[in-house]
Amino acid sequence: MADGLSAELLRRLRATPGLEVKPGEPLARYTTFRIGGPAELLVTVASERALRRLLAALDGVPCQLLGLGSNVLIPDEGLGGVVLRLVGGFRQVRMEETAVEAGAAVPLGRLARLTAEASLSGLEALSGFPSTVGGAVYMNAGSYGTEIRDVLEWATVMDRGGGRRRLTADQLEPSYRRTALQGTGAIVTRARFALSAGDREASLARIEELNRRRWSSLPSGRPNAGSIFRNPEGDYAGRLIEHCGLKGRRSGGARISPKHGNVIVNEQQASAADVLDLMLLARRAVKKKTGIELEPELVLTGSLAECWRHAPA
Ligand SMILES: Cc1cc2nc3c(=O)[nH]c(=O)nc-3n(C[C@H](O)[C@H](O)[C@H](O)COP(=O)(O)OP(=O)(O)OC[C@H]3O[C@@H](n4cnc5c(N)ncnc54)[C@H](O)[C@@H]3O)c2cc1C
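These numbers come from a predicted model, not from an experiment.

Analysis parameters
- Residues numbered from 1 in each chain as written.
- Predicted model: local features only at pLDDT ≥ 70, side-chain atom pairs only at ≥ 80, totals over all residues.
- Heavy atoms only, no water.
- Helix = DSSP H or I, 4+ residues; strand = E, 2+ residues; numbered from the N terminus.
- Buried < 20%, exposed > 50% of the residue type's maximum accessible area, 1.4 Å probe, protein only.
- Contact = heavy atoms within 4.5 Å.
- Areas by Shrake-Rupley, 256 points an atom, 1.4 Å probe, with all protein chains shown as cover.
- Lys, Arg positive; Asp, Glu negative; His and termini not counted.
- Charge placed at Lys NZ, Arg CZ, Asp CG, Glu CD.
- Near = heavy atom within 4 Å.
- Polar contact = N/O pair within 3.5 Å; in protein donor to acceptor, adjacent residues only side chain to side chain.
- Nonpolar A, V, L, I, M, F, W, Y, C, P; charged D, E, K, R; others polar.
- Domains from an automatic or database assignment.

(A) Just the overall build of the protein chain, in detail. Looking only at helices and strands, the protein chain has nine helices and 18 strands in total. If one aligns the C-alpha atoms of the protein chain with their principal axes, the spans along those axes are about 55 × 55 × 35 Å. Per-residue burial over the protein chain gives 53% buried out of 313 residues. Taking the contacts inside the protein chain whose residues are at least 6 apart along the sequence as the reference set, 66% of them involve residues at least 24 apart. Here the protein chain displays about 14,100 Å² of accessible surface, and carbon together with sulfur accounts for 47% of that area. Taken together, the 42 basic and 34 acidic charged side chains of the protein chain have centroids lying 3 Å from each other.

(B) Region of the structure containing the site of the ligand. Taken together, the neighbourhood of the ligand is formed by 35 residues, with G67, S70, P130, T132 and G142 sitting nearest. Separating an oxygen atom of the ligand from a backbone N or O atom of N71 is a distance of 2.7 Å. Separating an oxygen atom of the ligand from a backbone N or O atom of P130 is a distance of 2.6 Å. Within the complex, 95% of the 960 Å² of free accessible area of the ligand lies under protein. Of all the secondary structure elements, the ones that give two or more residues to the shell around the ligand are β3 (63-66), α4 (133-139), β9 (142-143), β13 (187-194) and α6 (200-217). Examining the composition of the shell around the ligand, we find that five residues originate from one element, α4, more than from any other. Its residues assigned to classes, the shell around the ligand comprises 19 nonpolar, 14 polar and two charged. Each of domain 1 (7-89) and domain 2 (92-217) contributes no fewer than three residues to the shell around the ligand.

In structure tokens form, the structure reads like this:
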């Protein structure tokens, strides 16, 4: 049973159609790192209406949204308050002649394949990493020279007060792995992508080829969260970490991948503390050797964000 959340709140949420409530649910399984303690309360939300009612009921209770959990580190002690996942109605896709509209919980790779199958081109380069549509919009995710901003027409977002807005790609102020949504608590509910008429076979072949290229450059078979640090201007975080001799370095069950300096793998039941330890080590070593301060791309949740901010750089 949740300690900090009131019994009245739990009762209200349980009685709300479209919400499923799980107190104490372990979160590791909801992340690609397979790391993290329990949520005080995990709530799955099946519709916009249910989301609005949930946000109204929360009234200031801390709330962390999870997509596919491919870019987050969750503390070993878990997360207080509510952890939210979008399901059901947020997985709908509506295809048009040269555009597609998708709910925030649709996996981006699935959307890329669906549109390629329908001879629509534009999402191929974004198909090869684990992401929901909502997570990718929030992060302005990108790969192989394409960012979400290049194909996004608009996204609908709900703020913590339940207000709904439609924002164009420009209004999201996208830059490298950043958007104006970050830090605001706004939730992406839906997005529309402008695509072009293409060739089905060519798009599917490009998806296959880019995926092959991607997996040959990343450690496979071990849970990870992709790039840990943002690339500094004009350089690569992986190159800098390698330059400091840290490839292959271990802390507990976590290891800086011997294949890619900017990826940490969960080799053997790693804890979040193990991962954070390697991140702090890399930040210190790179700063000392090059003067460059690495910044996380990985979203550090709960107490981890504080630990990162307060640890000596
Ligand atoms: C093997 C691997 C390779 C990767 N390669 C790339 C790559 O090439 N390019 C790249 O950009 N990223 C890459 N990543 C990182 C990750 O895939 C992206 O950042 C992705 O867009 C995160 O989406 P998600 O749904 O998993 O979000 P999560 O990891 O669950 O969440 C990330 C952040 O987004 C927020 N969020 C999630 N959904 C929403 C929503 N609906 N509304 C508002 N906020 C939301 C969360 O609260 C959190 O702050 C890689 C990750 C892995 C594991």
